[in-house]
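Structural characterization, general
These are the residues of each chain, in order.
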Amino acid sequence: MNIKYPNHPLILTNIGAILSDLGKHKEALAYLESAKPENSADRNLVKNMGIVKMNLDNEDLTARTYFDKAKNLQPNELTIEAFFDPHGY
């Protein structure tokens, strides 16, 4: 994939959300981790990280940390939120 700004957190967040929606959670995790969710104020990035971790074996226990942090943040209008069905778990 040829991206003009490959390290831009907004782009990484959106690619991670799309990959998560496609069921490619391991790939999504790499993009979202590169966007540095632990330092982010973007609710979509932090929540997407929780969604991805919820869908990965041995990572689901850390997902709650991201969901809890995301509650107190505002979404960036330039990022997208991955699909998540809380009733599916």
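Look above for the structure.
A short tour of the structure in this document, coming up. (Residues numbered from 1 in each chain as written. Predicted model: local features only at pLDDT ≥ 70, side-chain atom pairs only at ≥ 80, totals over all residues. Heavy atoms only, no water.)

Some thoughts on unusual backbone geometry
To keep things clear, this is the line we draw: Here's how the labels work: a residue is buried when its accessible area is under 20% of the maximum for its type, exposed when over 50%, partly exposed in between, all with a 1.4 Å probe on protein chains only. Think of it this way: any DSSP run of H or I at least four residues long counts as a helix, any run of E at least two long counts as a strand, and we number them from the N terminus.
You will see that K36, though not glycine, has its phi angle at about 60 degrees, which is positive. On the basis of relative accessibility, which here comes to 45%, the residue K36 falls in the partly exposed class. Despite not being glycine, N58 has its phi angle at roughly 65 degrees, a positive value. By the secondary structure assignment, N58 is in the loop between helix 3 (43-54) and helix 4 (60-70). Classification of N58 as exposed rests on a relative accessible area of 77%.

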